[in-house]
Amino acid sequence: MNAVAVAPAREHLRRTWYAFSRNGGSVVGLGIVVAIVLLTTFAPWLTPFPRHARAFTDFEHAGLPPGRPYALGTDTIGRDIFTRVVFGYRFSLLLGVVVLTAAVPTGVLLGLLAGYYRGWPETVIMRITDIFLSIPPLALALAIMAVLQPNLQNAMLAVSAMWWPWYTRLVYGLVSSLRTEGYVQAAQIVGASPAHILLREILPNCLPAVLTKMTLDMAFVILIGSSLSFLGLGVQPPDPDLGTMVADGAKYMPDLWWISVFPGLAILVVVLGFSLLGDGLRDVFGVEV
Amino acid sequence: MTPEPLLQIRDLHASFVSYRGLARVLNGVNLTVGRGEKVGLVGETGCGKSLTMRAVLGLLQPPRARVRGEIWFAGRNLLALPSRELEQIRGREIAMIFQDPMAALNPVFTIGDQLLDVIARHPKGRPSATEAWERALAILREVALSDPERVMRAYPVQLSGGMRQRVLIAMALVNEPALVIADEPGTALDVTIQEQILLLMRSLVDAKGLSVLLITHNLGVVRALTDRVYVMYAGSIAETAPTADLFRTPKHPYTQGLLASVPKLSGEGVPRGIEGMIPDYLAPPPGCRFAPRCPFAQPRCQQPPPWVTVDTDHQVACVLYDAAPAPRLP
Amino acid sequence: MSEPLLRVDNLVKHFPIRAGFLMRQVGVVRAVDGVSFSLSPGETFGLVGESGSGKTTLAMTLLGGYRATAGEIWFRGDNIADPVARRRRPALTKEIQVVFQDPGSSLNPRRTVRQTLEVPLRVHRLVSTHGEAARQIARLLETVELPAEFMHAFPAALSGGQKQRVAIARALATEPSFIVLDEPTSALDVSVQGKIIALLLDLQRRLNLTYLFITHDLSLMRNVATRVAVMYLGKLAELADTASLFGNPLHPYTRMLLSAIPVVSEAEERLKPRWVVPRGETPSPARVPPGCSFHPRCPDAFAVCPRIDPVAASADGRHVVRCHLYPGCTPAEVADAART
């Protein structure tokens, strides 16, 4: 009877992969995300015209349709669209990572406190959270951007400011149910500190849901960042951003369709990738977000 | 005087693909429920009793589950039916009573909404609105819910645990199914309410002449409600007998161990239980799956156990009763 | 009788019901409503009750999970219900431990057995080095008959019985004298239950532990407890030695409970009291019926029951019951008034 799986790490990995790979979509999502991350990391070596990523003009090759050597064509000043899409992904991912790095720890910490300490901390934190949640995200970001300079830093700031409440609410809900679990009560009864209980007992059990939501949110943050850029409030030219590129190209539709269609498709692909990956993680972890 | 069979499970096997390999859980289940008969299926966690139920309901589907065998219900093999026809049978001719009434009722609809929804799917066609309403009130009265009008308008959270269980019974019985499968009914409830539920089920089922398959781990509940019992261990039937016989003279070493494990009101201490654990379904022992835990195990147990008739309607899957006179058991 | 280890005196735990924007109090849940009993060292005190009886609230109050609304809990000369003492002294949390019902929830799924068992040792500074902790954890696992290598396992790799052994090891880590066992085997199969109970009883003998044993399984209670208290809607209905309670149940509620036990043999059927038709359900502790709270379900209720709440009384000093059917249970002034 005493046989027990004491080497759980590999076993755990195998089981996780098995559950994850049962859904074909999540494997596709993982593939897309990994491909985009690799592509952006090694962008200077993997793109044919890295110099086209910034200010560059080559009117001789302006407005060329997809072909060789410009796989996705060139824009109105002769820059390779493929190169600019890959570099544009850099800004999208950067925005997503920075926003989530700022918003998630804040939101998670507030959620832990509100869920664990009933009474006034709960009331104060959750009412503020509700106020933020009641404002449409894009409207809030637009309001912040209207006051601040339109640039990437401020776009990140604006999006972060409206993103943390979602994590507060998610973690608050989880903690509210986890605090009655036997192991939490046992730790309380033995006299463990609130820091131990929150960080060691409760937080690890919130992470699967948080990680899943982060993956799904990468897609949303990228989409909102692109929307801001599309409206001219995010990344400023000549830096490449998918939203800006769609906006610029829109003027030349439908004749030079490739200028905005390919960046648009690129947004679609990255959003799809993160969404599929997030769905896969949700299945593996069995969490609701 | 066995009644005409209504549900007949023949040599049912079910395996599951898992990340570690193929789990061979159901290993040749044979089980019959006669018309008007109340049959219990008892076993402990992981013995496959819930899987058997899910197989009957057609809920084991490839590619994860591999099912083999036959499940005959009223002259049709459920395993060979297309899923559309299976859906017709499920919920109309075969009804379910689940363990947890809160999980089985939808919290956002009133009891009336949910009960009328079931009535609308009556096999003899959808009744008129007033007719349906009348039927709903009548069945609620039958399950001894006072003030059925109020219950119809209530949401599940507004009812007590016992009332919710009664509503579930009403929903299961309202379309007059031929077979009711009850999964641990009332075991989530307190003992005084559980007894009321069992009494109610017994009287309703007898009055309507329904067949019941009761699935539970609680031996006391089986004894209170059924005519005949199947004891299941590790994916197959270890023993079957009329309920009174089984509790008086259990034959299979597992049945004996299980009955001996129950603490008794006479207060002679808590029995030790059965040593060992249920086998790993990825690599089950050959032959009798109980052999590794069995105090009477012998070399012959490496072969699949014989199915021996020891008494009228009393059969056991154990070599101890094969041919040679039965040995004396403590 | 020896000096009690724990004495509960008229313990009350009410929860306010708040509603509306200003969170005004609109009612009160009388979870525990005046409970008194005491535990002798080394005994197993059984607490029986259905959902809504308040037995879990009572246990959590003893454990320091809730602050008592009123009343006293004396443990070794300290009143630990004292609402002024915000946190219990470490010396006290060490002494009182718990094993919960659900082995699935009582161990943190994301922590190894070793990490789980380390918490009480570290909190109470019972070990100082890593190696010392490992040795101590191995010893604890041995106490609950598990091999030492289990310390590296996550709960998911353990069976229900093994998880419950780890939970028992955690309770033993601080060398307590009093352990609350809250349905410790209810989630386990009956063939496994016996071994866990045997372990608990063996530990009790060896370590001189006192148990508060909570279960809804009356057949199990019959075999484990030395004394049993029956709780209904926040109050004790009956308290007696186990043999006396099962052999001669006095309170109508106790009789209803005992007669409803599903048993597995004819011999046991004969040990149950005359069959009482079970009726009704325990009302919400937020709406406790007036008078004797059991009267709406009681087959023996009479005129005084809905009006007057009975008091606890005992004919022989050991078998205590709280029911108007028995002398001494109707408050004296009421009885006098009825007579005149």
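Residues numbered from 1 in each chain as written. Chains lettered and ligands numbered in written order. Predicted model: local features only at pLDDT ≥ 70, side-chain atom pairs only at ≥ 80, totals over all residues. Heavy atoms only, no water.

1. Some thoughts on the overall build of chain A
Now for step 1: When helices and strands are tallied, chain A shows 11 helices and zero strands.
Now for step 2: Start at the N end of chain A and walk to the C end: the helices and strands fall as α-α-α-α-α-α-α-α-α-α-α.
Now for step 3: Expressed as lengths along the three principal axes of its C-alpha atoms, the size of chain A is roughly 75 × 55 × 25 Å.
Now for step 4: Every one of the 289 residues in chain A was classed for burial, and the buried ones make up 47%.
Now for step 5: Long-range pairs, those at least 24 residues apart, make up 73% of the contacts in chain A with a sequence separation of at least 6. (Helix = DSSP H or I, 4+ residues; strand = E, 2+ residues; numbered from the N terminus. Buried < 20%, exposed > 50% of the residue type's maximum accessible area, 1.4 Å probe, protein only. Contact = heavy atoms within 4.5 Å.)

2. Side note on the interface of chain C and chain B
Now for step 1: Facing the 38 residues of chain C at the interface are 39 residues of chain B.
Now for step 2: Interface area for chain C against chain B, summed over the two sides, is near 3,200 Å², with a carbon-plus-sulfur share of 56%.
Now for step 3: Among the residues chain C hides against chain B, the three largest losses belong to N223, V264 and E281 of chain C. Together they make up 21% of the total.
Now for step 4: Counting across the chain C and chain B interface gives two salt bridges. (Buried area = accessible area lost by both parts, 1.4 Å probe. Salt bridge = Lys/Arg side-chain N within 4 Å of Asp/Glu carboxyl O.)

3. Quick notes on the interface of chain B and chain A
One frequent convention defines the size of an interface as the accessible area lost when the parts assemble.
Now for step 1: Of the residues lining the interface, six residues belong to chain B; the matching set on chain A comes to six residues.
Now for step 2: Between chain B and chain A, the buried area comes to about 610 Å², and carbon and sulfur atoms account for 57% of it.
Now for step 3: Three residues, Y19, R64 and M277 of chain B, lead the burial of chain B against chain A; their summed loss comes to 80% of the area buried on that side.
Now for step 4: For the pair chain B and chain A, the number of links is zero salt bridges.
Now for step 5: One can count one residue pair in polar contact (both at pLDDT 80 or more) joining chain B with chain A.
Now for step 6: In terms of residue class, the side of chain B that touches chain A is made up of three nonpolar, one polar and two charged. (Polar contact = N/O pair within 3.5 Å; in protein donor to acceptor, adjacent residues only side chain to side chain. Nonpolar A, V, L, I, M, F, W, Y, C, P; charged D, E, K, R; others polar.)

4. Digging into helix 1 (residues 55-62) of chain C
Residue and element names in this part refer to chain C.
Now for step 1: Of all eight residues in helix 1, seven are buried; the element is thus mostly enclosed.
Now for step 2: The complete set of buried residues in helix 1 reads K55, T57, L58, A59, M60, T61 and L62.
Now for step 3: Of the residues one or two after helix 1, G64 is the one with positive phi, at around 85°.

5. Remarks on the packing of aromatic side chains
Now for step 1: As enumerated under the stated definition, the model contains 16 aromatic pairs over all chains in all.
Now for step 2: Ring plane angle 80° and centroid distance 5.0 Å describe the contact between Y233 of chain B and F290 of chain B, whose orientation is recorded as edge-to-face. Of this pair, Y233 of chain B sits in strand 9 (residues 228-233) while F290 of chain B is found in the loop between helix 11 (253-261) and strand 11 (307-311), placing the two residues 57 residues apart along the sequence. The exposure classification of Y233 of chain B matches that of F290 of chain B, with both residues buried.
Now for step 3: Joined through ring pairs, the aromatic side chains of W257, W258 and F262 of chain A make up one cluster. (Phe/Tyr/Trp six-rings, centres within 6.5 Å; stacked < 30°, edge-to-face > 60°.)

6. Thoughts on the layout of surface pockets
Now for step 1: Size it by volume and the second largest pocket reaches roughly 1,800 Å³.
Now for step 2: Around the second largest pocket, the lining comprises 44 residues; the ones closest to its centre are Q188 of chain A together with G64, G65, Y66 and R67 of chain C.
Now for step 3: Elements supplying a minimum of two residues to the lining of the second largest pocket: helix 5 (120-134), helix 8 (182-190) and helix 9 (194-230) of chain A together with helix 1, strand 5 (78-79) and helix 2 (90-95) of chain C.
Now for step 4: Classifying every residue of the lining of the second largest pocket gives 21 nonpolar, 12 polar and 11 charged. (1 Å grid on protein atoms, 1.4 Å probe; cavity = no way out; pocket = protein on both sides within 12 Å on 5 of 7 lines; lining within 4 Å. Points joined across faces, edges and corners; volume = space filled by probe spheres on them.)

7. Observations regarding the nonpolar core
Residue and element names in this part refer to chain B.
Now for step 1: I181 and L213 are the most contacted members of the largest nonpolar core, which totals 103 residues.
Now for step 2: The dominant element in this core, judged by the number of residues it contributes, is helix 7 (residues 161-173), at eight residues.
Now for step 3: Those residues in contact with L213 that lie beyond four places of it in its chain are L7, L31, V33, V39, L41, L179, V180, I181 and A182. (Core = buried A, V, L, I, M, F, W, Y, C linked by side-chain atoms within 4.5 Å.)

8. So, the confidence of the model for chain C
Now for step 1: Looking at chain C as a whole, its pLDDT mean stands at 90, while 95% of the residues score no less than 70.
Now for step 2: Model confidence for chain C, summarised as mean pLDDT per element, is weakest for helix 12 (residues 332-339) of chain C at 64 and strongest for strand 8 (residues 210-214) of chain C at 97. (pLDDT = per-residue confidence, 0-100.)

9. Examining the sheet that holds strand 5 (residues 76-77) of chain B
All names here are of chain B.
Now for step 1: Ordered by their spatial adjacency, four strands build an open sheet running 2-1-4-5, and the pairing between neighbours is antiparallel. Both outer strands of the open sheet, strand 2 (21-34) and strand 5, are each paired with one neighbouring strand and no more.
Now for step 2: Looking at chain direction, strand 1 (residues 5-18) and strand 2 are connected through 11 bridges and run antiparallel. The residue bridging P5 from the neighbouring strand is G34, located in strand 2.
Now for step 3: Across the face of the sheet, helix 1 (residues 49-56) comes into contact with strand 1, strand 2 and strand 4 (65-73) while running at roughly 110° to strand 1. (Pairing = 2+ DSSP bridges. Axes fitted to C-alpha atoms, helices over the stretch in contact; angles between N-to-C directions.)

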